[in-house]
Amino acid sequence: MSKYKKRFDGRKFDETRPIEAEAGVIKKADGSARFKIGNTVAYAAVYGPRELFPRNQHDPKKGKLRCNYSMMAFSGTGERIRPGPNRRAKEISMVTEKALLPVVDLSDYPNAVVDVFIELPETDAGSRCAGICAASIALADAGIIMKDMVASVSMGNIDGQLVLDLDYAEEAFEDGDVADIPIAMIPSTGELTLLQMDGFISPKDLKKAIELVKKPMEKIAEIQRKAVQNRYKVK
Amino acid sequence: MSKLLVKNKEIIVPGQVVAEGMDYLPSFGTYRLKDKILANRLGVVMIDGKVIKAIPLAGRYKPRRNDTIIGRVIDILMSGWRVETNSPYSAVLPLQDASFDYIKKGTDLTKYFGLDDYVVAKITNVTSQNLVDISTKGPGLRKLSGGRILYVNTHKVPRIIGKQGSMVSMIKDTTGCKITVGQNGIVWIQGEPAMEIIAVEVIKKIEDESHIPGLTDNIKAFLEKKTGKKVVISKPVENSEGNSYSESAERPAPKPFVRPAHKPFVKPAPKPFTKPASKPVQKTQVKGDKK
């Protein structure tokens, strides 16, 4: 029996934190978005397709997607986070790019680049998932051809109990094993574009977790689409 | 049984299911996934009988042949100019397409276009790798001097121009400004400073509100309020100055290239040798043969 019987913030085990999403928050960018899940806030700005420099990175077959993930200095729990590309930020930038690439179609833009900048002013676990959600809203807002949104949320296993969307307090649970599994999915096809893990989980539970996450993913994708549509709503 | 899940002219976003069943056909901006039709870009859905397509709302300009654009000279090359086009690809203006006069080799090219000059140009060619060639030879194509430059969303350019240039000529007539709109979303405005500002405001308003019904009336009311003049919607003048391309407010989709049927090369039969004595008579004979 799991020692984690009730969630710290009173949510159900298959309930995400409250989500807010908005498109077009950065006026100068070609596309932008804010995605808030609980206390984790991600901003994404998309620039391009635009000319790619340095020229040795040119791909004459299709355009390039370039992501940049960054936590702001004050975004953690009080410790100053050293800004800039550290090992962790570089890795997350890379996985974000790989999570988004399967949906975007840049074959019309050889030798060009689409830049995605993700900034997190406030984090409370699940920041790469929030970043991916914000980035895919921003890409859609920028008019990039993409076959679907990429929805993303983390799944967890706290002492044998499967839990959706961990916050920091749950990630730091000490009375048992904790697994934190950020997942990104293309809702229309059910394909996973991101699957990482930190902690311990049995293969059976992992399969169950992936099955359980499908429904909330669709809900998140719906929120993402609404965010883009709302920008053009007639007041 | 097929079912349509959106109303005509609704805004659709990537991944949204637009229709179910096999009776509808996906066109630009939509695609088929199993028995559903999904959107693959942000746009306004247009349902034309069975065909579902999306008119894009956002996105960068992509160079297209025969577009009239406004560009900025960013570099001077050996035999031409490099022009920035508000798109991912810069264009080359070759020497022979720059001016009707003969430009001798070794001439100082800044005499024609200097760095940071804005030019109205027409795209003559775009390759598969999006290398762009432009020309400034033609009616309305020229170097711009004075005035101000405004960047707008390129998908809103047809709204700014209006049907047969009705919107832009309404702004021109009321503010007395000269306005040139490039398909790439760069707008040039020149006139009285106070009027220039009003023209800028109006164009920004069109850009923001183009998806709201009753655009022309809203803009007319706004112009009347701002200038205090009565706005008469005049009949568009054909080929009005600097706006000769505005008739094509809605750009038609490019015609697909159809390769002509292959004709085997047939060696022409050798002409019978005739004496070159009676030249004029022979010429007509040869022509007759060809027919």
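The coordinates are above.
Caption draft 1: Molecular detail of the overall build of chain B. Looking only at helices and strands, chain B has five helices and 17 strands in total. For chain B, restricting intrachain contacts to residue pairs at least 6 apart in sequence, the fraction spanning at least 24 positions comes to 56%.

Caption draft 2: Representation of the overall build of chain A in the model. Regarding its fold elements, chain A presents five helices and nine strands. Secondary structure elements of chain A occur, N-terminal to C-terminal, as β-β-β-β-α-β-α-β-β-α-β-β-α-α. A globule of 235 residues ought to have a C-alpha radius of gyration of about 18 Å, and chain A, at 18 Å, matches this closely. Viewed in the frame of its principal axes, chain A has a C-alpha envelope of about 55 × 40 × 40 Å. Relative to its full complement of 235 residues, chain A shows a buried share of 49%. Expressed as a percentage of contacts within chain A between residues at least 6 apart in sequence, the contacts between residues at least 24 apart total 71%.

Caption draft 3: Looking closely at the environment of A:Leu52. Residue and element names in this part refer to chain A. With respect to the helices and strands, Leu52 occurs in the loop between strand 3 (40-51) and strand 4 (64-71). A tally of 22 C-beta atoms within 10 Å means that Leu52 is categorised as buried. Residues within four places of Leu52 in sequence aside, it is in contact with Gln57, His58, Lys64, Asn111, Ala112 and Val113.

Caption draft 4: Here's a closer look at helix 4 (residues 215-227) of chain B. Under the 1.5 Å per step criterion, the end-to-end length of helix 4 of chain B is 18 Å for 13 residues, consistent within 8% with the ideal 18 Å. Positive backbone phi, at 70 degrees, marks B:Gly228, one or two positions downstream of helix 4 of chain B.

Caption draft 5: Focus on unusual backbone geometry. Residue and element names in this part refer to chain A. For the peptide bond that leads from Gly48 to Pro49, omega is 5 degrees, which places it in the cis range. Along the polypeptide, Pro49 turns up in strand 3. The omega torsion across Phe53 and Pro54 is -5 degrees, close enough to zero to call that bond cis. Relative to the helices and strands, Pro54 is located in the loop between strand 3 and strand 4. Positive phi is not limited to glycine here, since Asn111 has a value of about 65 degrees. Within the secondary structure, Asn111 is located in the loop between helix 1 (87-100) and strand 5 (112-122).

Caption draft 6: Layout of the packing of helix 1 of chain A against helix 2 (residues 127-141) of chain A. Residue and element names in this part refer to chain A. Between helix 1 and helix 2, the shortest axis-to-axis distance is 10 Å and the interhelical angle comes to 45 degrees. Judged by the inter-axis angle, helix 1 sits oblique to helix 2. For helix 1 against helix 2, the interelement crossing comes out right-handed. Touching Ile92, Val95, Thr96, Ala99 and Leu100 of helix 1 are Arg128, Gly131, Ile132, Ala135, Ser136 and Leu139, all from helix 2. A per-class count over the contact of helix 1 with helix 2 returns seven nonpolar, three polar and one charged.

Caption draft 7: Highlighting the sheet that holds strand 5 (residues 30-33) of chain B. All names here are of chain B. Pairing within the open sheet is antiparallel, and its four strands lie in the order 1-3-6-5. Whereas interior strands pair on both sides, the edge strands pair on one side only; in this sheet they are strand 1 (3-4) and strand 5. Sheet analysis places strand 1 next to strand 3 (residues 17-20), joined by two bridges and oriented antiparallel. Following the sheet pairing, Leu4 is matched in strand 3 by Ala19.

Caption draft 8: Layout of the interface of chain B and chain A. With 22 residues of chain B in contact, the opposing surface of chain A contributes 29 residues. Residue classes in the side of chain B that touches chain A are distributed as twelve nonpolar, seven polar and three charged.

Caption draft 9: Seen up close, the environment of A:Tyr168. Residue and element names in this part refer to chain A. Checked against the element boundaries, Tyr168 lands in helix 3 (residues 168-171). C-beta crowding within 10 Å serves as the criterion here: with 15 such atoms nearby, Tyr168 is assigned to the partly exposed category. The spatial distance from the C-alpha of Tyr168 to the C-alpha of Ala125 is 5.0 Å, given a sequence separation of 43 residues. When residues no more than four places from it in sequence are discounted, the contact partners of Tyr168 are Asp124 and Ala125.

Caption draft 10: Main features of the environment of A:Pro102. Residues and elements named next belong to chain A. Within the secondary structure layout, Pro102 lies in the loop between helix 1 and strand 5. Look at Pro102 and you get partly exposed, because 17 C-beta atoms sit within 10 Å. Beyond its immediate stretch of four places on either side in the chain, Pro102 contacts Ile186, Glu191 and Thr193.

Caption draft 11: Here's a closer look at the sheet that holds strand 4 (residues 25-26) of chain B. Residues and elements named next belong to chain B. One open sheet holds the four strands; their spatial order is 2-7-8-4, and the pairing between them is mixed. With one partner strand each, in any of the chains shown, strand 2 (11-12) and strand 4 form the two edges of the open sheet. Summarising the sheet, strand 2 and strand 7 (residues 43-48) pair through two bridges and their orientation is antiparallel. Among the inter-strand pairings, Ile12 is bridged to a residue of strand 7, identified as Gly43.

Caption draft 12: Representation of the packing of helix 3 (residues 193-209) of chain B against helix 4 of chain B in the model. Residues and elements named next belong to chain B. Relative to each other, helix 3 and helix 4 sit at 155 degrees, their axes nearing to 11 Å. By the angle between their axes, helix 3 is roughly antiparallel relative to helix 4. In the crossing of helix 3 with helix 4, the sense of the turn from one axis to the other is right-handed. Mapping the contact onto sequence places Ile198, Glu201, Val202, Lys205, Ile206 and Glu209 in helix 3 and Leu215, Asn218, Ile219, Phe222, Leu223, Lys226 and Thr227 in helix 4.

Caption draft 13: View of the nonpolar core. Residues A:Ala44, A:Val116, A:Ala134, A:Ile137, A:Ala138 and A:Leu139 are the most contacted members of the largest nonpolar core, which totals 90 residues. When residues no more than four places from it in sequence are discounted, the contact partners of A:Ala138 are A:Gly31, A:Ser32, A:Ala33, A:Ala44, A:Ala45, A:Val46 and A:Val116. Listed in part, the 41 residues of the second largest apolar core include B:Ile203, B:Ile206, B:Ile219 and B:Leu223.

Caption draft 14: The arrangement of the pairing of strand 9 (residues 191-195) of chain A in detail. All names here are of chain A. Of the strand pairs in this sheet, strand 8 (residues 178-186) and strand 9 are connected by four bridges, and their pairing is antiparallel. Looking at strand 9, one finds that Met185 is bridged to Leu192. The hairpin turn running from strand 8 into strand 9, its antiparallel successor, is four residues long, and Gly190 in that turn takes a positive phi close to 80 degrees.

Quick notes on the rules
- Residues numbered from 1 in each chain as written.
- Chains lettered and ligands numbered in written order.
- Predicted model: local features only at pLDDT ≥ 70, side-chain atom pairs only at ≥ 80, totals over all residues.
- Helix = DSSP H or I, 4+ residues; strand = E, 2+ residues; numbered from the N terminus.
- Contact = placed C-beta atoms within 7 Å.
- Rg over C-alpha atoms; globule rule 2.2 N^0.38 Å.
- Buried ≥ 20, exposed ≤ 12 C-beta atoms within 10 Å, placed from the backbone.
- Expected span 1.5 Å × (residues − 1).
- Axes fitted to C-alpha atoms, helices over the stretch in contact; angles between N-to-C directions.
- Parallel < 35°, antiparallel > 145°, perpendicular 65-115°, else oblique.
- Left-handed = near helix turned anticlockwise from the far one by under 90°.
- Nonpolar A, V, L, I, M, F, W, Y, C, P; charged D, E, K, R; others polar.
- Pairing = 2+ DSSP bridges.
- Core = buried A, V, L, I, M, F, W, Y, C linked by C-beta atoms within 7 Å.

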